[in-house]
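# Examination of the molecular architecture
Read off the chains here:
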Amino acid sequence: MKRDFLYEGKAKRVYTSAQPGLLVVEYKDDATAFDGAKRGTIESKGIVNNRISALLFQYLEAEGVATHFERLIDERHMLVKQVEIVPVEVVVRNTVAGSLSQRLGLEEGTPLPGAVVEFYYKNDELHDPMVNEDHIRVLNLATPEELEVMKETALRVNRLLVPLFARAGIDIIDFKLEFGRYQGRIILADEISPDTCRLWDSNTGVKLDKDRFRRDLGGEPEAYQEVLRRLEGVI
Ligand code: TMP
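Within each chain, residue numbers correspond to sequence positions counted from 1 in written order. Owing to the predicted nature of the model, reporting of local features is limited to residues with pLDDT of at least 70; listing and counting of side-chain atom pairs is limited to 80 or more, with chain, interface and lining totals taken over all residues. With hydrogens and water stripped out, all remaining heavy atoms of the structure feed into the side-chain values.

### Overview of the environment of Gln225
Mapped onto the elements of the fold, Gln225 is located in helix H6 (residues 220-234). The class for Gln225 is partly exposed, based on a relative accessible area of 40%. Secondary structure follows DSSP: runs of H or I at least 4 residues long count as helices, runs of E at least 2 residues long count as strands, and numbering of each begins at the N terminus. Only protein chains enter the accessibility calculation, which uses a 1.4 Å probe; a residue is then buried when its area is under 20% of its type maximum, exposed when over 50%, and partly exposed in between.

Next up, the structure:
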């Protein structure tokens, strides 16, 4: 299945496949935080994130959201459409946490009266700065039309994921999406996993996501497994 190595990111490797236009994504156990300043591994993370991402992409596809997901290949690999990644990360927030808490001095856990959307320029040297729609336009990162599709799709994904995770006893606090250009359209790409979402147990508030690694809380493998186990029960 895997042909030529194309690219290695912090959590995944990408290869060409036997089929033109389709790529193989390999999910690694490597974890980084704070722009790669903190590094480690989370046992079996790649296996769990591959499955969680596949479940969520399939769920979203069934609800009419176009994604790059084609199919699972094996434990650590999925087949995806080759896209041109738009260098804008879209964050959706339902509850105050992380950088929003720090930037605006709001207490973590404070519910937001409506979803908040933020854009970040995907650029490691600049440390992924937050950008607004004008910055994105002048830097030519995406057209205003593309950005509108990305924003509306991100909000739609939020409207689908909030009740899905609620059925699994999980509050989806915030998450980050990446999009790609594919045959003249914008489709959802990258991954959706505990690496890219904040997921809190609805009853206890226990963190079931990468903040366990970022904040040295321990128990990362068990938390990621728990998210997969609960999603399998509701999808
Ligand atoms: P933040 O509060 O640190 O800005 O993170 C918001 C959400 O985006 C959170 O769910 C984690 C996710 N995220 C990523 O997926 N990649 C990143 O590089 C960062 C900074 C955040």
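### Considerations on the pairing of strand S13 (residues 185-189)
Regular strands show a simple pattern: their side chains alternate between the two faces of the sheet. With four of its five residues buried, S13 lies for the most part within the structure. Relative to S13, strand S12 (residues 170-182) is paired through five bridges, and the arrangement is antiparallel. Counterpart to Arg181 in the pairing with S13 is Ile186. A pair of strands is considered paired only if DSSP assigns at least 2 bridges between the two. Where S12 hands over to S13, the hairpin turn is made up of two residues, of which Gln183 adopts a positive phi near 50°.

### Remarks on the packing of aromatic side chains
The aromatic pairing rule takes the rings of Phe, Tyr and Trp, using the six-membered ring of Trp, and pairs them if the centres are within 6.5 Å, calling planes under 30 degrees apart stacked, those over 60 edge-to-face and the rest tilted. Tallied over the entire structure, the rule returns two aromatic pairs. Two thresholds decide whether a charge sits over a ring: the Lys NZ or Arg CZ must be within 6 Å of the ring centre and within 35 degrees of the ring normal. The positively charged end of Lys38 is found above the aromatic ring belonging to Phe213, 4.9 Å away from the centroid. When the ring centre of Tyr182 is taken as reference, the NZ or CZ atom of Lys81 above it lies at 5.8 Å.

### Remarks on the pattern of salt bridges
What counts as a salt bridge is simple: a side-chain nitrogen of Lys or Arg found within 4 Å of a carboxyl oxygen of Asp or Glu. Scanning the model with the defined rule gives 30 salt bridges in all. Note that Arg215 is salt-bridged to Glu108, the shortest N-O span being 2.8 Å. Note that Arg215 is positioned in the loop between helix H5 (211-214) and H6 and Glu108 in the loop between helix H2 (98-104) and strand S10 (111-121), a separation of 107 residues in sequence. Glu108 sits in the partly exposed class, given a relative accessible area of 27%. Across the pair Arg230 and Glu226 runs a salt bridge, and its minimum N-O distance is 2.8 Å.

### Details of helix H1 (residues 45-62)
Multiplying 1.5 Å by the residue count of a helix minus one yields the expected span of that helix. With 18 residues, H1 should reach 26 Å at 1.5 Å per residue; the first-to-last C-alpha distance of 25 Å fits that figure. In terms of burial, H1 is a largely internal element, 14 of the 18 residues being buried.

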